[in-house]
Amino acid sequence: MAANYHILLIEDEYQIAALLRDYFLHSGMRFTHVADGKDAMAVFTRDAFDLVVLDIALPHISGIEICREIRRMSTVPVIILSALSAETERLLGQQLEADDYLGKPFSPREVVAKAQALLRRSNRKWLSTKTDVTPACLTLDATRYEVCLQHHTVTLTRIEFSLFHLLTTHPRRIYSRGQLMTTMYGDQRIVSERTIDSHIKKLRNKLKLLSTDEMIESSYGVGYRYVGMKVSVYTE
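To keep things clear, this report deals only with the structure shown in the data block.

For the rest of this paragraph, the subject is the nonpolar core. Ranked by size, the top nonpolar core spans 26 residues in total, and within it Leu-138, Val-147, Phe-164, Leu-167, Leu-180, Leu-207 and Ile-216 carry the most contacts. Those residues in contact with Leu-180 that sit more than four places away from it in its chain are Leu-163, Leu-166, Leu-167, Tyr-175, Ile-196 and Tyr-224.

Attention now goes to the sheet that holds strand 9 (residues 175-176). Taken in spatial order, the 3 strands line up as 9-11-10 in an open sheet, and their pairing is antiparallel. Each having just a single partner strand, strand 9 and strand 10 (216-219) make up the two edges of the open sheet. Strands strand 10 and strand 11 (223-226) of the sheet are contacted by helix 8 (residues 193-207), whose axis makes an angle of about 145° with strand 10.

In this section: the sheet that holds strand 8 (residues 152-155). Across the sheet, which stays open at both edges, the 4 strands sit in the order 8-7-6-12 with mixed pairing between neighbours. Here the strands that pair on one side only, and so sit at the sheet edges, are strand 8 and strand 12 (230-234). Each neighbouring strand pair of the sheet contributes to a mean axis angle of 20°, computed without reference to strand direction. Sheet topology places strand 6 (residues 137-141) next to strand 12; 5 bridges connect them, and they run parallel. For Asp-141, the partnering residue across the bridge sits in strand 12 and is Tyr-234.

Applying the stated rule across the entire model yields 11 salt bridges. A salt bridge links Glu-217 to Arg-225; the nearest nitrogen and oxygen atoms lie 2.5 Å apart. Exposure remark for Glu-217: the relative accessible area of 23% places this residue in the partly exposed category. We classify Arg-225 as buried; its relative accessible area is 18%. Through salt bridges that share partners, Glu-11, Glu-13, Asp-55 and Lys-104 make up one connected network.

The subject of this paragraph is the pairing of strand 8. Relative to strand 8, strand 7 (residues 146-149) runs antiparallel, the two being bridged by 4 bridges. Each bridged residue has a counterpart across the sheet, and for Val-147 the counterpart in strand 8 is Val-154.

Before going further, it helps to spend a moment on the packing of helix 7 (residues 177-184) against helix 8. Put simply, helix 7 and helix 8 touch, their axes get as near as 9 Å, and they point 80° apart. One finds that helix 7 runs roughly perpendicular with respect to helix 8. Listed contacts from helix 8 to Arg-177, Leu-180, Met-181 and Met-184 of helix 7 are Glu-193, Ile-196 and Asp-197. Among the residues making up the contact of helix 7 with helix 8, the classes are represented as 4 nonpolar, no polar and 3 charged.

Reading guide: rules and limits
- Residues numbered from 1 in each chain as written.
- Predicted model: local features only at pLDDT ≥ 70, side-chain atom pairs only at ≥ 80, totals over all residues.
- Heavy atoms only, no water.
- Core = buried A, V, L, I, M, F, W, Y, C linked by side-chain atoms within 4.5 Å.
- Buried < 20%, exposed > 50% of the residue type's maximum accessible area, 1.4 Å probe, protein only.
- Contact = heavy atoms within 4.5 Å.
- Pairing = 2+ DSSP bridges.
- Helix = DSSP H or I, 4+ residues; strand = E, 2+ residues; numbered from the N terminus.
- Axes fitted to C-alpha atoms, helices over the stretch in contact; angles between N-to-C directions.
- Salt bridge = Lys/Arg side-chain N within 4 Å of Asp/Glu carboxyl O.
- Parallel < 35°, antiparallel > 145°, perpendicular 65-115°, else oblique.
- Nonpolar A, V, L, I, M, F, W, Y, C, P; charged D, E, K, R; others polar.

Written out as structure tokens, the structure reads:
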């Protein structure tokens, strides 16, 4: 196995990371470790990696979101590590377009063996993060209440557009239903929280016409937040 293969491990358990590091280095590969989900994409885009080993349960940003973001940018091989059941792991891996998966606890030798097999099979024919691959970007047209992705467009109502615009202004920030109602209905009319839920449901259905990825995430008992791709806004 070529010594210049570069492995990125995204794992918050340092004992596991140290163990895998020893095995990968012993196999002649370069190795970079990231312990926090919020730092993962910055590291991934900073260098050219040949394979990613990704834990699902990460602090701040889950491995699920990271895998989806990686797939928007690159086809680099990804091995998922998870404590979920075997069936759930397999289904999750298929949904995220991961190349392989391993349940915890696992053998570090098996992780390295799977990595070597993927590297031989792929032979670096994937799209590198150092190419000119441009991440997907949503465009909000405030003049037409439209949301566009590549060559596809959906039209929103004024309320839906205002709601979505607010959520995308601060990605990952959780807005309570009360905050959303205040913004949506500035005339202080009495509106039930169920009305916000109804708008969110309709908005999600329209956004699914653009992408199968979930863009609006529910925070149980609190409210909603935007977890989708980068957004630009057209106002003129």
